[in-house]
Amino acid sequence: MAASKSMKKKVSSKAIEPGDVTAEYEAALENRKTEHYVLRLYIAGNNLRSQVAVENVKKICDEYLKDRYDLEVIDIYQDRTKNPVDLILAAPTLIRKLPLPLRRVIGDMTRKEKVLVGLDLISRV
Amino acid sequence: MPATKRKMNTKTAHAPIFEFEKIPSGIKGLDDITRGGLPKGRPSLVSGGPGCGKTLFAMEFIARGITEYGDPGVFIAFEEKTDDLKKNFKSMGFDLDDLVNRKKLVLDHITVERSEIEETGEYDLEGLFIRLGSMIDEVGAKRVAIDTLEALFSGFTNEAILRSELRRLFLWLKDRGVTAVVTGERGDRTITKYGLEEYVADCVITLDHRVTNQIATRRLRIVKYRGSIHGTDEYPFLISNDGISVLPITSMSLTHIASDERISTGIPKLDTMLGAKGFYRGSSILVSGQAGTGKTSISATFVDAACRRNEKCLFFIFEESESQLIRNMKSIGMDLEPWVKKGMLRFHAVRPTAYSLEMHLSTMLKLIDEFKPTVLAVDPISNLYPIGDDIQVRSMLMRLIDYAKSLQITGLFTNLTNDAETGMYSLEPTEMHVSSLMDVWLILKNIEGNGERNRIFSIIKSRGMAHSNQLREFVLSDRGIQLRDLYKGTEGVLFGSARMAQESREAGERIRRNEETARKKRELEAKKTVMENEISLIRAKFAREEDEIKVLIGQDVSRQKASENVMKEIAVQRKVDK
């Protein structure tokens, strides 16, 4: 987290100039630290992969989004009504409904950095 | 096992070789090649480069499946939006909205944005299968189309997962028992991009769009078809405003019924040469000759004669425009315009290079279907050679002729030859190829001599009828086509002005001879008169002499009587005893 700390300093020390995309992004990333997250995890049946995914997501949420997230786990076999709305192709799929924009993360969430990048919790770089 | 028993029965009753069930693809001509359509309840793969007609293939399979065979369908588009699809296919006469409203079709567009997706480990595409499954259940679909695989899989990066999911997708479709068409892009060297799809699909069809001599031709090939015999050639196909039509150029059979009816050629003397009756109805006629020998005039005359008999004619012209041809034919005293106005005659004038051979063929077949002619003329077929090689042109003509014959349409085809240097019957190889398709072959030839060029006409062959073996001089006049006998006499064979000169010489000779005879007759007549005069003179003389002699005789008698009387008187006076 050393990298993100140094970035935080940079952002706070400088006023954001209009049109400075990088600065805006950094600021938005900073906001993520306080925003409320609404997440939806789609899994396909109660198999090993699904279990791993649920566990991993929970772990990450507890670590990074403590007390400021809602997580809904949906088994696409059980609940078919939500599938057409969220257009799930791959399972498991984690969708960040809020804050906008919509984000999608697929797989069993074993690669933690990828999940964090997908949820905009750490910088892409 | 009653099921196997039944199977055994059908096996023996219908086909000696078992083939699994097929369903009509809805694509014109394809079912002829595949002998029935696509494998029922199995996935087929259609692969090809961009713009080769994959989406159209898939959509026709679904839409015609609904409209023509009553099979509900699901179409999943990963590339085109549903609104675009609806618009695109409306122009082809498919009202997709209507099909959707009638619960016959599910049209779904799924976007896969790779940038939105972060891959964090193992996953599968179960979501897609479930979605697909619920759509199939929604309308009770029997047909499914997925267009295209690449667009779906481009959203994901893990190739190992993709490959296994691809295999699973095909197996899943098979398990569901739906007949599926999955489209995919062609790979660099392989049939498909992943080199896997073609192995998991039960039927693989490749579409190809290639350009030769600046003319694009679409081709279709069935790469594999598990458990079935199929045509293996590359078949040209067309995309016209009513969809794909595949032209199985080699699968036509010779089963047409031959007619005994004869129709006039429009040239009385030619009818005479063809056993006094003309062509057989439904036969194919080749008129070949050099430039300017009157091929078009022969075709126009034939067409004109057919129109006079109240028959509908279709005239394909590749060299002139309609109005030009009509004008030109007026110069030989033939007016085709009224036939056009009456709807008896339709021209289709187009440059051969306007589109590909297959497109020409399909246009022709379509026009034949629309217009329903009984006579068809193509002028000239040789103009097709720039856009196809011998075999292609030949197979195209074969199909056209076979099609015409199956409908009892008499077809006349002209062919321009350029064998100016060679003899009367020397043939070009291309002509050899084409001629075997034809029932009647007429040849026109220019012959130079005496500082002029004359047209000579002859019948090379005419299947199934006695025909003249004589050469004729072919004369175009303002009263149409005339075939004249050649001069055959002591001076050899003469034609053109030499023939005319010889004929006039002979005519002079004849007049002179006639005059001679008349003179002799007159002479004889005169002699007769003289003779008769003499006879009458002799008669007159005789009559005169007769008179004189008679007088003399009369005198003698009266003199005798007088002397007798005198003797009597003397006796009386002498009182002679009685």
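Everything numeric here is computed off the predicted structure, so don't read it as measured data.

Quick notes on the rules
Residues numbered from 1 in each chain as written. Chains lettered and ligands numbered in written order. Predicted model: local features only at pLDDT ≥ 70, side-chain atom pairs only at ≥ 80, totals over all residues. Heavy atoms only, no water. Helix = DSSP H or I, 4+ residues; strand = E, 2+ residues; numbered from the N terminus. Buried < 20%, exposed > 50% of the residue type's maximum accessible area, 1.4 Å probe, protein only. Contact = heavy atoms within 4.5 Å. Areas by Shrake-Rupley, 256 points an atom, 1.4 Å probe, with all protein chains shown as cover. Pairing = 2+ DSSP bridges. Axes fitted to C-alpha atoms, helices over the stretch in contact; angles between N-to-C directions. pLDDT = per-residue confidence, 0-100. Buried area = accessible area lost by both parts, 1.4 Å probe. Salt bridge = Lys/Arg side-chain N within 4 Å of Asp/Glu carboxyl O. Polar contact = N/O pair within 3.5 Å; in protein donor to acceptor, adjacent residues only side chain to side chain. Core = buried A, V, L, I, M, F, W, Y, C linked by side-chain atoms within 4.5 Å. Phe/Tyr/Trp six-rings, centres within 6.5 Å; stacked < 30°, edge-to-face > 60°. Lys NZ or Arg CZ within 6 Å of the ring centre and 35° of its normal. Expected span 1.5 Å × (residues − 1). Arc of directions from axis to C-beta. Disulfide = S-S within 2.5 Å.

Visitor: Provide a residue-level description of the overall build of chain A, including the pertinent values.
Guide: Regarding its fold elements, chain A presents five helices and four strands. If you list the helices and strands of chain A from N to C, you get α-α-β-α-β-α-β-β-α. Residues counted as buried form 42% of the 125 residues belonging to chain A. Within chain A, contacts between residues at least 6 apart in sequence are counted, and of these 64% link residues at least 24 apart. For chain A, the accessible area works out to roughly 7,100 Å², and carbon and sulfur atoms hold 56% of it.

Visitor: Kindly report on the overall build of chain B, identifying the contributing residues and their values.
Guide: Counting its secondary structure elements, chain B contains 17 helices and 25 strands. The buried share of chain B, taken over its 578 residues, is 50%. Counting only contacts in chain B whose residues sit at least 6 apart along the sequence, the fraction spanning at least 24 positions is 70%. For chain B, the accessible area works out to roughly 29,200 Å², and carbon and sulfur atoms hold 52% of it.

Visitor: Residues and numbers for the sheet that holds strand β1 (residues 37-43) of chain A, please.
Guide: Ordered in space as β2(A)-β1(A)-β3(A)-β4(A)-β6(B), the five strands form an open sheet in which the pairing is mixed. The outermost strands of the open sheet, each flanked by one partner alone, are β2 (69-75) of chain A together with β6 (117-119) of chain B. Across the sheet, the axes of successive neighbouring strands diverge by a mean angle of 20°, strand direction being ignored. Here five bridges tie β1(A) to strand β3 (residues 93-98) of chain A, and the two strands are oriented antiparallel to one another. What sits directly across from L41(A), in β3(A), is L94(A).

Visitor: Give me the confidence of the model for chain B: which residues, what numbers.
Guide: Residue and element names in this part refer to chain B. Looking at chain B, the pLDDT average stands at 83 and 91% of residues meet or exceed 70. Ranking the helices and strands of chain B by mean pLDDT puts strand β16 (residues 313-317) first, with 92, and helix α1 (residues 2-13) last, with 44. Low pLDDT (under 50) marks residues 1-16, which in the prediction has three contacts with non-local residues, meaning those over four places away or in another chain. A low-confidence stretch, residues 421-426 (pLDDT under 50), is modelled with 11 contacts involving residues beyond four sequence positions or located in other chains.

Visitor: Go over the sheet that holds strand β15 (residues 284-289) of chain B, please, and point to the residues and values.
Guide: Within a beta sheet, neighbouring strands are joined by backbone hydrogen bonds and run either parallel or antiparallel to one another. All names here are of chain B. Reading across the sheet, the nine strands line up as β17-β16-β18-β19-β15-β20-β21-β22-β23 and stay open at both edges, with mixed pairing between neighbours. Each edge of the open sheet carries a strand with a single partner, namely β17 (345-349) and β23 (480-485). Between one strand axis and the next, the sheet turns through 20° on average, direction left out of account. Two elements, strand β20 (residues 440-449) and strand β21 (residues 452-462), share 10 bridges in a ladder whose sense is antiparallel. Among the inter-strand pairings, G449 is bridged to a residue of β21, identified as E452. Packed onto the sheet, helix α11 (residues 295-308) meets β15, β16, β17, β18 (375-379), β19 (410-416), β20, β21, β22 (472-477) and β23 and runs at close to 165° relative to β19. Contacting β16 and β17, helix α12 (residues 322-330) crosses the sheet at an angle of about 120° to β17.

Visitor: Before we move on, can you summarise the interface of chain A and chain B with the specific residues and values?
Guide: How big an interface is tends to be stated in terms of accessible area lost as the parts join. Taken together, the contact between chain A and chain B spans 27 residues of the former and 20 residues of the latter. For the pairing of chain A and chain B, the buried interface totals around 2,100 Å² over both sides, and the portion due to carbon and sulfur atoms is 54%. The interface formed by chain A and chain B contains two salt bridges. One salt bridge connects E122(B) with R49(A), and the closest N-O pair in it is separated by 3.9 Å. Inspection of the region where chain A meets chain B yields 11 residue pairs in polar contact (both at pLDDT 80 or more). For the side of chain A that touches chain B, the elements supplying multiple residues, two or more each, are α4 (83-86), β4 (103-106) and α5 (112-118) of chain A. Relative to β6(B), β4(A) runs parallel, the two sharing three bridges. Its bridge partner lying in β6(B), I106(A) is registered against E119(B).

Visitor: Tell me about the nonpolar core, and name the residues and values.
Guide: Residues and elements named next belong to chain B. One finds V74, F78, L132, V144, F156 and L173 to be the most contacted residues of the largest nonpolar core, which totals 42 residues. For this core, the secondary structure elements donating two or more residues are β4 (73-77), α6 (126-139), β7 (143-147), α7 (149-153), α8 (159-176) and β8 (179-185). Residue contributions to this core peak at seven residues, all from α8. Sequence-distant contacts of L173, defined by excluding residues within four places in its chain, comprise P43, L132, V144, I146, V178, A180 and V182. Among the nonpolar cores identified, the runner-up in size contains 39 residues, and F279, F302, M329 and L336 belong to it.

Visitor: Summarise the packing of aromatic side chains; cite the residues concerned and give the values.
Guide: All names here are of chain B. Using the criterion set out here, one finds six aromatic pairs over all chains in the structure. Taking 6.5 Å as the distance between ring centres and 45° as the angle between the ring planes, the aromatic pair formed by F89 and F94 counts as tilted. Assigned by exposure class, F89 and F94 land together as buried. The ring of Y225 carries the charged tip of K22 above its face, separated from the ring centre by 4.8 Å. Of note, R262 hangs over the ring of Y280, and the distance from its end group to the ring centre comes to 4.7 Å.

Visitor: If you had to explain the environment of R210(B) to someone new, which residues and values would you point to?
Guide: Residues and elements named next belong to chain B. Considering the arrangement of structural elements, one finds R210 in strand β9 (residues 203-212). It is 9.1 Å that separates the C-alpha atoms of R210 and C52, two residues lying 158 residues apart in sequence. Among the polar contacts listed, one links the side chain of R210 to the side chain of D208, at a separation of 2.8 Å. Here E234 takes part through its side chain, which lies 2.6 Å from a polar atom of the side chain of R210.

Visitor: Hey, could you go over α8(B) for me, with residue numbers and the actual values?
Guide: Residues and elements named next belong to chain B. Over its 18 residues, α8 extends 25 Å from the first C-alpha to the last, a length consistent with the 26 Å expected when each residue adds 1.5 Å. Taken residue by residue, α8 has I161, L162, E165, L166, L169, F170, W172 and L173 as its buried positions. Viewed along the axis of α8, the buried residues span an arc of 165°, placing them on a single side of the element. Along α8, exposed side chains directed more than 90 degrees from the buried face belong to A160 and D175. Two or three places before A160, at the opening of α8, N158 has a side-chain oxygen 3.2 Å from that residue's backbone nitrogen. Of the residues flanking the end of α8, it is G177, one or two places downstream, whose phi is positive at about 75°.

Visitor: With reference to specific residues and values, describe the confidence of the model for chain A.
Guide: Confidence in the prediction of chain A, expressed as mean pLDDT, is 75, and 75% of residues score 70 or more. In this model residues 1-13 of chain A is a low-confidence stretch, pLDDT under 50, and it forms six contacts with partners more than four residues away in sequence or in other chains.

Visitor: I'd like to hear about the state of the cysteines, residue by residue, with values.
Guide: Here, the word disulfide means a covalent bond between the sulfur atoms of two cysteines. Under the defined criterion, the tally for this structure stands at zero disulfides over all chains. The thiol sulfur of C307(B) is not disulfide-bonded, and the nearest other cysteine sulfur, from C313(B), lies at 3.8 Å.

Visitor: Break down the side chain of D108(B) for me, citing the residues and quoting the values.
Guide: Residue and element names in this part refer to chain B. Residue placement: D108 occurs in strand β5 (residues 105-109). For D108, a relative accessible area of 10% corresponds to the buried category. At 2.9 Å, the side chain of D108 forms a polar contact with the side chain of R131. The residues touching D108, leaving out its near neighbours within four places in the chain, are F75, I76, A77, T82, R131 and M135.

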